[in-house]
Amino acid sequence: MRLVTVGDEAVLVEVGDPSTAAALAAWARAGGVAAVEVVPAATTVLLDGVDPELVRQELAAWSGGGAVPSGPLVTIPVSYDGPELGFVAEWWRCSEDEVVRRHTSVELVSVFCGFAPGFAYLAGLPTSWAVPRLESPRSRVPAGAVALADTWSAVYPRAAPGGWRLIGTTALELWDPHRDPPALLAPGTRVRFEAS
Amino acid sequence: MSIEVVDPGPLTTIQDLGRVGLAHLGVPRAGAADRGSADLANRLVGNPAEAAVLETTMGGVTLRPLRAVTLAVTGATCEVRCGGRAAAHGLPLTVPAGTVVEVGPASQGVRSYVAFAGGLAVEPVLGSRSTDTLAWVGPPPLAAGQRLPVGVPASAPAPVDAAPSTQHPRVLTLVRGPRADWVDDDAWRALDGSVFSVGAASDRVGLRLEGPVVRRATSRELASEGMVLGAVQLPPSGQPIVFLADHPTTGGYPVIGLVGRRQLDACAQWRPGEQVTVRVDRSLPPDPRR
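Residues numbered from 1 in each chain as written. Chains lettered and ligands numbered in written order. Predicted model: local features only at pLDDT ≥ 70, side-chain atom pairs only at ≥ 80, totals over all residues. Heavy atoms only, no water.

Chain B has the name Biotin-dependent carboxyltransferase in an unreviewed UniProt entry, where Nocardioides seonyuensis is given as its organism.

You'll find chain A entered in an unreviewed UniProt entry as Carboxyltransferase domain-containing protein, with Nocardioides seonyuensis given as the organism.

### Observations regarding the overall build of chain B
Of the regular secondary structure elements, chain B holds three helices and 18 strands. Since a compact globule built from 290 residues should have a radius of gyration of about 19 Å, the 20 Å found for chain B is in line with a globular shape. Each principal axis of the C-alpha distribution contributes one length, and for chain B these read about 60 × 35 × 30 Å. For chain B, the proportion of its 290 residues judged to be buried stands at 56%. For chain B, the computed accessible surface area is about 11,600 Å², with 52% contributed by carbon and sulfur atoms. Side chains of chain B carry 27 positive and 26 negative charges; the gap between the two charge centres is 1 Å. (Helix = DSSP H or I, 4+ residues; strand = E, 2+ residues; numbered from the N terminus. Rg over C-alpha atoms; globule rule 2.2 N^0.38 Å. Buried < 20%, exposed > 50% of the residue type's maximum accessible area, 1.4 Å probe, protein only. Areas by Shrake-Rupley, 256 points an atom, 1.4 Å probe, with all protein chains shown as cover. Lys, Arg positive; Asp, Glu negative; His and termini not counted. Charge placed at Lys NZ, Arg CZ, Asp CG, Glu CD.)

### Some words on the state of the cysteines
Considering all chains together, one arrives at zero disulfides over all chains under this definition. Here B:Cys78 stays free of any disulfide, with the sulfur of B:Cys82 as its closest cysteine sulfur at 11 Å. (Disulfide = S-S within 2.5 Å.)

### Side note on empty space enclosed by the protein
A full pass over the atoms with the stated rule returns four cavities of 30 Å³ or more. Approximately 100 Å³ is the volume attributed to the largest cavity. Lining the largest cavity are B:Arg29, B:Ala30, B:Ala32, B:Ala33, B:Arg35, B:Leu229, B:Leu244, B:Ala245, B:Arg261, B:Leu264 and B:Asp265. Of the residues in the lining of the largest cavity, the class split is seven nonpolar, no polar and four charged. Approximately 90 Å³ is the volume found for the second largest cavity. Taken together, A:Glu37, A:Val39, A:Leu46, A:Asp48, B:Ala23, B:Val27, B:Pro28, B:Arg29, B:Met227, B:His247 and B:Thr249 form the lining of the second largest cavity. Those elements that provide at least two residues to the lining of the second largest cavity are β3 (37-40) and β4 (44-48) of chain A. Here the lining of the second largest cavity is built from residues that sort into six nonpolar, two polar and three charged. (1 Å grid on protein atoms, 1.4 Å probe; cavity = no way out; pocket = protein on both sides within 12 Å on 5 of 7 lines; lining within 4 Å. Points joined across faces, edges and corners; volume = space filled by probe spheres on them. Nonpolar A, V, L, I, M, F, W, Y, C, P; charged D, E, K, R; others polar.)

### Here we look at the nonpolar core
The biggest cluster of nonpolar side chains holds 27 residues, and the ones touching the most others in it are A:Ile76, A:Trp92, A:Leu185 and A:Phe193. Sorting the residues of this core by element identifies β5 (73-78), α3 (85-92), α4 (96-103), β6 (108-113), β7 (120-123), β9 (145-149) and β13 (190-195) of chain A as the ones contributing at least two each. At four residues, the largest contribution of residues to this core is made by α3(A). Apart from residues lying up to four places away in sequence, A:Phe193 is in contact with A:Ile76, A:Val78, A:Tyr80, A:His103, A:Thr104, A:Leu108, A:Leu122, A:Val146, A:Ser153 and A:Val155. Counting 26 residues, the second largest nonpolar core, distinct from the first, contains B:Leu174, B:Leu264, B:Val278 and B:Val280. (Core = buried A, V, L, I, M, F, W, Y, C linked by side-chain atoms within 4.5 Å. Contact = heavy atoms within 4.5 Å.)

### Things to note about the domain arrangement of chain B
Residue and element names in this part refer to chain B. Domains assigned within chain B are domain 1 (2-149) and domain 2 (171-281). In this assembly, 29 residues from domain 1 lie in contact with 16 residues from domain 2. Both faces combined, the contact of domain 1 with domain 2 buries some 1,700 Å², and carbon together with sulfur accounts for 47% of it. In this structure, the salt-bridge partner of Glu55 is Arg204, at a minimum N-O distance of 2.9 Å. There are 14 residue pairs in polar contact (both at pLDDT 80 or more) connecting domain 1 and domain 2. For the side of domain 1 that touches domain 2, the secondary-structure elements that each account for two or more residues are α1 (35-44), β5 (69-82) and β8 (101-116). The element that contributes the greatest number of residues to the side of domain 1 that touches domain 2 is β8, accounting for seven residues. (Domains from an automatic or database assignment. Buried area = accessible area lost by both parts, 1.4 Å probe. Salt bridge = Lys/Arg side-chain N within 4 Å of Asp/Glu carboxyl O. Polar contact = N/O pair within 3.5 Å; in protein donor to acceptor, adjacent residues only side chain to side chain.)

### A closer look at the domain arrangement of chain A
Residues and elements named next belong to chain A. Each domain of chain A was delimited in the assignment, giving domain 1 (2-61) and domain 2 (73-195). Here domain 1 and domain 2 have C-alpha centroids that lie 27 Å from each other. In this complex, domain 1 contributes five residues to the contact, which on the side of domain 2 involves four residues. Regarding the contact of domain 1 and domain 2, the summed buried area is about 380 Å², with carbon and sulfur atoms giving 82% of it. At the boundary of domain 1 and domain 2, one finds zero salt bridges.

### Quick word on α4(A)
Working note: α-helix, 3.6 residues per turn, so residues spaced by three or four point in the same direction. Residue and element names in this part refer to chain A. The set of residues buried in α4 consists of Val99, Val100, Arg102 and His103. Relative to the axis of α4, the buried residues are bounded by an arc of 165° and lie together on one face. Taken together, the buried residues of α4 touch α3, β9, β10 (152-155), β12 (165-169) and β13. (Arc of directions from axis to C-beta.)

### A short note on the interface of chain A and chain B
Contact with chain A, which involves 37 residues of that partner, is made by 29 residues of chain B. The largest contributions to the chain A side of the interface with chain B come from A:Thr5, A:Glu37 and A:Pro117, which together make up 17% of the buried area. Between B:Arg179 and A:Glu14 there is a salt bridge whose closest N-O contact spans 2.5 Å. Counting across the chain A and chain B interface gives seven residue pairs in polar contact (both at pLDDT 80 or more). Secondary-structure elements contributing two or more residues to the side of chain A that touches chain B are β1 (2-6), β2 (10-14), β3, β4 and β6 of chain A. The dominant element in the side of chain A that touches chain B, judged by the number of residues it contributes, is β1(A), at five residues. Counted by class, the side of chain A that touches chain B contains 24 nonpolar, six polar and seven charged residues.

### Considerations on the confidence of the model for chain B
Residue and element names in this part refer to chain B. Per-residue confidence for chain B averages 92 on the pLDDT scale, and 95% of its residues sit at or above 70. Below pLDDT 50 for its whole length, residues 285-290 participates in twelve contacts with residues either more than four positions away or in separate chains. Reported for the predicted complex are a pTM of 0.89 and an ipTM of 0.91. (pLDDT = per-residue confidence, 0-100.)

### Overview of the packing of α3(A) against α4(A)
All names here are of chain A. Orientation of α3 relative to α4, taken along the N-to-C sense of each, is 85°, at an axis distance of 8 Å. Taken as axis vectors, α3 and α4 run roughly perpendicular relative to one another. Contacts from Leu85, Gly86, Val88, Ala89 and Trp92 of α3 reach α4 at Glu96, Val99 and Arg102. For the contact of α3 with α4, the class distribution of residues is five nonpolar, one polar and two charged. (Axes fitted to C-alpha atoms, helices over the stretch in contact; angles between N-to-C directions. Parallel < 35°, antiparallel > 145°, perpendicular 65-115°, else oblique.)

As structure tokens, this is what we get:
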């Protein structure tokens with residue numbers, strides 16, 4: 001764990017991997033740190049709206065471990081009909097059916113949201129399945145697109161530009177500001193994809 | 001009590017102090033881009049700081065209160081007319097029912113703020129009446145014919161002799177950010193005193209600086225990480241972006257610098273094409289990892 005001061009009111013905690021970031025964020029949110037915002041990301045947790053000196057003391061109480069939060073399990077029905085299903089099959093050197101089998105066989109976890117409201121970065125695919133992003137991002141990815149990039153999976157909550165590989169679509173509503181919480185896949189949520 | 005929108009102008013939104021505590025769900029903070037001017041407008045009409053106000057963008061707004069109301073216009077310099085007659089900028093105005101209030105196009109600055117005694121009482125979304133223009137969370141931008149509800153005034157406006165000037169010198173002072181070491185010492189020295197122009201794509205998300213290329217000392221890629229208000233990101237183009245009210249909550253470009261809260265008000269008022277001199281604050285230790 002390495003602390004990087006971000007101005008007078010924030011600290012970036014570098015932890016090295018997504019599951020540790022998720023565990024630290026859950027601990028901080030449960031009362032470990034007095035922060036206005038706790039923003040987990042791939043290898044860091046941003047603690048914003050804090051006294052940097054006080055946070056240093058508070059973080060000393062963190063054991064460094066802690067369970068990755070185990071939130072509710074959400075099942076996402078997917079039509080595996082995306083334009084890059086064939087590309088992913090080639091990249092993984094398997095059939096398209098095998099891509100679907102693999103993608104539906106793993107329990108993923110929402111590690112952090114970013115890019116757009118409700119856009120959750122879902123971790124859990126093995127590193128050997130990592131896929132590259134598009135050379136040039138699409139100007140419009142439709143809402144509900146199920147996509148892969150590196151070892152991340154995600155569902156686009158609404159239409160947006162994007163460079164991820166599209167393998168399918170879901171009709172599930174990922175983001176609704178009038179729902180509590182508004183993001184279906186808040187950090188800690190466990191996710192399973194299911195072929196529909 | 002409500003206000004009728006006669007002409008919404010190119011982009012007029014409702015703003016308050018913004019929404020907090022939702023960054024981990026990808027929800028930007030939003031809130032008035034020039035917080036100081038919004039605060040001033042609220043003070044002039046006797047509102048608490050959290051009251052919702054209007055924020056115009058370059059082109060102004062035309063309104064018709066359906067009951068008598070006290071309002072104040074601050075921020076970007078513009079002509080204010082009530083019932084066709086010139087009225088004061090930066091002072092409370094009591095406007096009779098049915099009188100058309102014209103907030104003209106900005107002659108200096110970008111964003112004007114209009115506060116009404118009692119505050120705009122539209123329904124909050126996720127705890128705030130702010131419109132976030134990155135994800136379009138919050139009330140939609142104003143539309144012609146719309147009626148905006150106004151709350152009950154909390155107190156009589158305090159007497160005011162003169163409001164402080166809201167002119168902003170075009171100097172941007174940077175302190176070192178969490179990824180300051182992605183730019184080497186020579187590049188930092190070169191940056192100090194450099195002149196950039198404000199990019200045309202600047203908006204509530206960010207102030208884009210166009211000018212000398214700021215070279216990175218490394219070609220590494222950064223994993224996405226949380227972003228703070230005032231973060232100065234350096235994309236591979238070498239043209240810095242200062243993150244304003246509607247910035248994304250995470251980003252993958254290194255944050256080399258930070259801009260203080262007061263400077264952000266100025267960032268929200270600099271116009272595309274204007275020249276801005278960057279100053280590097282050397283009063284801090286060179287290594288941010290204290």
